[in-house]
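# Breakdown of the fold
Now for the letters of each chain:
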Amino acid sequence: QMQLVESGGGLVQGGGSLRLSCAASGRTFSSYTMGWFRQAPGKGREFVATISWSGSSTYYAASVKGRFTISRDNAKDTVYLQMNSLKPEDTAVYYCAARSGATTVLAYEYRYWGQGTQVTVSS
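Notes on the structure follow. (Residues numbered from 1 in each chain as written. Predicted model: local features only at pLDDT ≥ 70, side-chain atom pairs only at ≥ 80, totals over all residues. Heavy atoms only, no water.)

## Observations regarding the nonpolar core
The line we're drawing: Throughout this description, the term nonpolar core refers to a set of buried Ala, Val, Leu, Ile, Met, Phe, Trp, Tyr and Cys residues connected via side-chain atoms within 4.5 Å. Categorising residues by exposure relies on relative accessible area from a 1.4 Å probe, with only protein chains included: less than 20% of the type maximum marks a residue as buried, more than 50% marks it as exposed, and the intermediate range marks it as partly exposed. By definition, any uninterrupted DSSP run of H or I lasting at least four residues is a helix, any uninterrupted run of E lasting at least two residues is a strand, and each is numbered from the N terminus. Only heavy atoms matter for contacts: two residues are in contact if any of them lie within 4.5 Å across the pair.
Among the nonpolar cores identified, the biggest contains 35 residues, and Leu4, Met34, Trp36, Leu81, Met83 and Tyr94 are the most heavily contacted of them. Only strand 3 (18-25), strand 4 (33-39), strand 5 (45-51), strand 7 (68-73), strand 8 (78-83), strand 9 (92-99) and strand 11 (117-122) provide two or more residues apiece to this core. The element that contributes the greatest number of residues to this core is strand 9, accounting for 5 residues. Not counting residues within four places of it along the chain, the set of residues in contact with Leu81 comprises Leu18, Arg19, Leu20, Trp36, Val48, Ala49, Phe68, Thr69, Ile70 and Tyr94.

## Details of the state of the cysteines
Our working definition: Throughout, disulfides are identified as pairs of cysteine sulfur atoms within 2.5 Å of each other.
Counted under the stated rule, the structure contains 1 disulfide. Across the disulfide, Cys22 is cross-linked to Cys96 (sulfur-sulfur distance 1.9 Å). Because the sign of the S-S torsion sets the handedness, a value of about 45 degrees for the bond joining Cys22 and Cys96 places this disulfide among the right-handed ones. Note that Cys22 is positioned in strand 3 and Cys96 in strand 9, a separation of 74 residues in sequence. Cys96 matches Cys22 in its accessibility class, with the two residues each being buried.

## Thoughts on the pairing of strand 5
What counts, and what does not: By this definition, two strands are paired if DSSP reports at least two bridges between them.
With 5 of 7 residues buried, strand 5 lies mostly within the body of the structure. Strand direction decides the pairing type here: strand 4 and strand 5, joined by 6 bridges, are antiparallel. Residue pairing in the sheet places Phe37 in a bridge with Phe47 of strand 5. Here strand 4 folds back onto strand 5, and the loop between the two strands holds 5 residues, one of which, Gly42, carries a positive phi near 75 degrees.

Structural data, given as structure tokens:
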């Protein structure tokens, strides 16, 4: 079993920045592909970004590409999501997730999930 704990969410003005962190425990973090997803009120869970176990491969949703950056520190068992130029439409609960396979945008392919952290962007 892997436990994932997100942090770093909060309220920010449009155009601002936030950095989310997701700390993992319970499994060999460096063996897992990590992903970030989000869910806005009344909407389904949406893919945001993913990073391979080594960090050499990343992929982003079109809606965040160029504004968000996913990274990981395998020595700290932590994955990050740097969010810049935030927009009100980025408001959502953000979840990190882990899977023992290649990067994918499909939420159902991820086995382990955190509890989420709220990000609210005001206009």
